[in-house]
Amino acid sequence: MPAGIAATAVYVVFVGLPVLALLVRAAQQESFAGSLTSDLAQQALRLSLFTSLISLLVMVLLGTPFAYLLARSHSRILRVMDSLVELPIVLPPVVAGIAMLMAFGRHGLVGPALTGLGITLPFTTTAVIFAQVFVAAPFYIRAAKLGFQSVARDYEDVSQTLGVSPWRTFWKLTLPLAAPSIIGGLALAWARAISEFGATIMFAGNLTGRTQTMPLAILSAMESDLGAALSLSVLLLIGSLTVLLVLGMFTRRQWLGRL
Amino acid sequence: MTRGWVRCQLGEFSLETEWEAAPGQVLILFGPSGAGKTTTLRAIAGLVRPLQGHIEVGGQVVYDSQSRSWVPPHRRRVGYLTQQVNLFPHLSVIGNLRYGLAKRGLASRSATGYPLPMERLLQNLQLEGLEERRVWELSGGQQQRVALARALATDPQVLLLDEPFSSLDAELRRALRDEVRSILSRANIPVILVTHDRDEALAMGDVIQVIDRGRTLSRGEPLQVLGQPGQARVARLVGVENILAMRVASRHPQDGTMVCVSREGPTGPEAGLHLEVPLSDLAEGQPVTVGIRASDIILAGEKLVSSSARNQIRGKVVGVELRPPGYEVTLDCAGIQFHCHITGTSLSEMKVAAGLDLWAVFKASSCFLVKEDPVLIVQQ
């Protein structure tokens, strides 16, 4: 027990102190709001919100049907994909960035073909979204898959015998029952997307207003304007805390564990 | 009315079955687990796609392999109820009941605001006052009632019940069974009930169909099929406690009986177990299999001096086992074991214990002859 308490105390100080320091230093600034309204901060903030929300939309549109398939199908190909889908979680983001350059870059695998169509991806806002989806989607897909798996197939069978088509069964039954998991996954994926750094800087670069999201802006601001860096950091911290709050709220539905 | 036949293949398991049930009739599909009962129900509901077959529900062909017609489950109008009640946990009781009704017109409403048929359902299934409850707050019996009400609310043309009461305790099961029986007779739709519980089959069934390893073995009145089944395989499936391999020793047409002697145990002119059983057209010396239900045997401390029962056999108690609601006493009679059911009161009054000498008494008509089915010998 004493060892446990000591370890806990050390760990809490280890994590808590930097967070506290960030808040204290940000509060000591002359104008917290002022540095947030600087052009650099404003543009980064807007770009981060815009790209992360688009990324989220893409993840939902692509990831939800995929997750449902993973949860329901027993095909061997899907089983293999199921284990590979989490690769981007363990892959260093910088590697993901290089990989995307090798695919979509000017000299990449499909880059020349895209150029032929008049499409350029690297170092654009679209590239930022690509990077975010690449690294964050597995968090959403994994959570959504677990959510769908928690809804026994018997429920869907019963729903159909009650005269509800498979499509409407999905919306009326499966999705609401999987919702806590799905919302949790969305929160995690959003947090991961908005904090994306490595893949973005490799594949999209650090162009103010176009590809410079908040984490990149913090890096740039550190060289010139510590105040702006601190303010943006505090903002991201608040966002992260919100995500934790959302996770806590939605993973504690009354009927969980009663399926 | 529902009827049809299907051939299904699930991995190694092949199922070939046919059925027919009229409105107001309860058809029992009886058999051990893995016999194909559930698959048959799921095929009727459209949740399993057969290889071949023809299925009618409410006079409509919902599946026919020849004309390649297939009606998806949600358009088949079947009510499907399983052991797992599968109530939707994100909805209240009334939310569950209304689940399948979203698209239907809810024209006539009662004073409480529910459509009239719904009101009646709530009443019939004793669910009034529970409408707004969360489903997991209900007891097991209430949950099963809600599930039944939900199935009936969509006005199905056939009700498929897959061991719906087996997760409930015995008393509740009996009560709910009677309740459901009366509701079903009012609903006037065919019902197919899957069970491996004899009492349930006897209490609920109009017709019983015994299924084993994907094949129908027998079909008929529950009392007949379960009481004195004609086939050895069926007798074993329905749990006839005493099945004896014997040989016809002498025929007594004037009494309508014949005496059989056991094929097992000690041999010799006086040895072996002799039983008087109903007459059949078997000749002397031919083998015969005799079944006797444990509940048809009376245990007596002494030989009855004057009795109409044609069979009185002396034996020694070799085992007493709890078999709710009573006990099963095993007697060793000339090397052959007899199983008899008695109540707890009889057990204690007669001081039955291992080693005690008792007489097993039963009428010739309690013995029934079962046909050894050659199919049984098929090697697996």
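Conventions used here
- Residues numbered from 1 in each chain as written.
- Chains lettered and ligands numbered in written order.
- Predicted model: local features only at pLDDT ≥ 70, side-chain atom pairs only at ≥ 80, totals over all residues.
- Heavy atoms only, no water.
- Helix = DSSP H or I, 4+ residues; strand = E, 2+ residues; numbered from the N terminus.
- Buried < 20%, exposed > 50% of the residue type's maximum accessible area, 1.4 Å probe, protein only.
- Contact = heavy atoms within 4.5 Å.
- Areas by Shrake-Rupley, 256 points an atom, 1.4 Å probe, with all protein chains shown as cover.
- Lys, Arg positive; Asp, Glu negative; His and termini not counted.
- Charge placed at Lys NZ, Arg CZ, Asp CG, Glu CD.
- Buried area = accessible area lost by both parts, 1.4 Å probe.
- Salt bridge = Lys/Arg side-chain N within 4 Å of Asp/Glu carboxyl O.
- Polar contact = N/O pair within 3.5 Å; in protein donor to acceptor, adjacent residues only side chain to side chain.
- Phe/Tyr/Trp six-rings, centres within 6.5 Å; stacked < 30°, edge-to-face > 60°.
- Lys NZ or Arg CZ within 6 Å of the ring centre and 35° of its normal.
- Pairing = 2+ DSSP bridges.
- Axes fitted to C-alpha atoms, helices over the stretch in contact; angles between N-to-C directions.
- Core = buried A, V, L, I, M, F, W, Y, C linked by side-chain atoms within 4.5 Å.

**What to know about the overall build of chain A**
- Check the secondary structure of chain A and you find 13 helices and 0 strands.
- The secondary structure elements of chain A, listed N-terminal to C-terminal, are α-α-α-α-α-α-α-α-α-α-α-α-α.
- The burial tally for chain A puts 42% of its 259 residues in the buried class.
- Here the analysis covers contacts within chain A between residues at least 6 apart in sequence; of these, 74% occur between residues at least 24 apart.
- Counting every atom, chain A has about 13,500 Å² of accessible surface; 72% of that belongs to carbon and sulfur.
- Looking at chain A, you have 16 positive and 10 negative side-chain charges, and the mean spots of the two groups are 9 Å apart.

**Focus on the interface of chain A and chain B**
- Each partner contributes to the interface: chain A provides 22 residues, whereas chain B provides 21 residues.
- Carbon and sulfur atoms supply 64% of the area buried between chain A and chain B, which totals about 2,100 Å² over both sides.
- Per-residue buried area on chain A facing chain B is highest for A:Val158, A:Thr161 and A:Leu162; these three make up 30% of the total on that side.
- Where chain A packs against chain B, one counts 1 salt bridge.
- The tally of links from chain A across to chain B stands at 4 residue pairs in polar contact (both at pLDDT 80 or more).
- Every element with two or more residues in the side of chain A that touches chain B is listed here: helix H9 (153–161) and helix H10 (166–194) of chain A.

**Regarding the packing of aromatic side chains**
- Applying the stated criterion across every chain yields a total of 12 aromatic pairs over all chains.
- A centroid spacing of 6.2 Å and a plane angle of 50 degrees characterise the contact between A:Phe104 and A:Phe203, whose relative ring orientation is tilted. Linking A:Phe104 in helix H6 (residues 93–104) with A:Phe203 in helix H11 (residues 198–203), this pair joins segments that are 99 residues apart in sequence.
- Note on B:Tyr63 and B:Trp70: the rings are 5.8 Å apart at their centroids and 80 degrees apart in plane angle, and the pair reads as edge-to-face.
- B:Trp70 gets classed as partly exposed once you look at its relative accessible area, which sits at 25%.
- What links up through ring pairs into an aromatic cluster is the set A:Tyr68, A:Phe148, A:Trp167, A:Phe170 and A:Trp171.
- Sitting above the plane of the B:Trp70 ring, B:Arg49 keeps its charged end 4.0 Å from the centroid.
- One cation-aromatic arrangement involves B:Arg150 over B:Phe88; the distance from NZ or CZ to the ring centre is 4.4 Å.

**Side note on the environment of B:Val261**
Residue and element names in this part refer to chain B.
- Looking at the element boundaries, Val261 is found in strand E13 (residues 257–262).
- You can call Val261 buried: its relative accessible area is 18%.
- It is 6.4 Å that separates the C-alpha atoms of Val261 and Leu275, two residues lying 14 residues apart in sequence.

**Observations regarding the sheet that holds strand E19 (residues 336–342) of chain B**
Residues and elements named next belong to chain B.
- The 5 strands are arranged E16-E20-E17-E18-E19 in an open sheet whose pairing can be described as antiparallel. With one partner strand each, in any of the chains shown, strand E16 (298–300) and E19 form the two edges of the open sheet. Between one strand and the next, the sheet's axes are offset by a mean angle of 45 degrees, whatever the strand orientation.
- In this structure, strand E17 (residues 311–323) lies alongside strand E20 (residues 357–362), joined through 6 bridges in antiparallel fashion. Residue pairing across strands places Ile313 opposite Ala360, the latter belonging to E20.

**Considering the nonpolar core**
- Within the largest apolar cluster, 50 residues are counted, with the highest numbers of intra-cluster contacts made by B:Ile28, B:Leu159 and B:Met204.
- Tallying contributions element by element places helix H4 (residues 140–153) of chain B first for this core, with 7 residues.
- In contact with B:Ile28, not counting residues within four places along its chain, are B:Leu193, B:Thr195, B:Ala201, B:Met204, B:Gly205, B:Val207, B:Ile208 and B:Gln209.
- Formed by 43 residues, the second largest nonpolar core is a distinct cluster that contains A:Ala67, A:Ala96, A:Leu114 and A:Val135.

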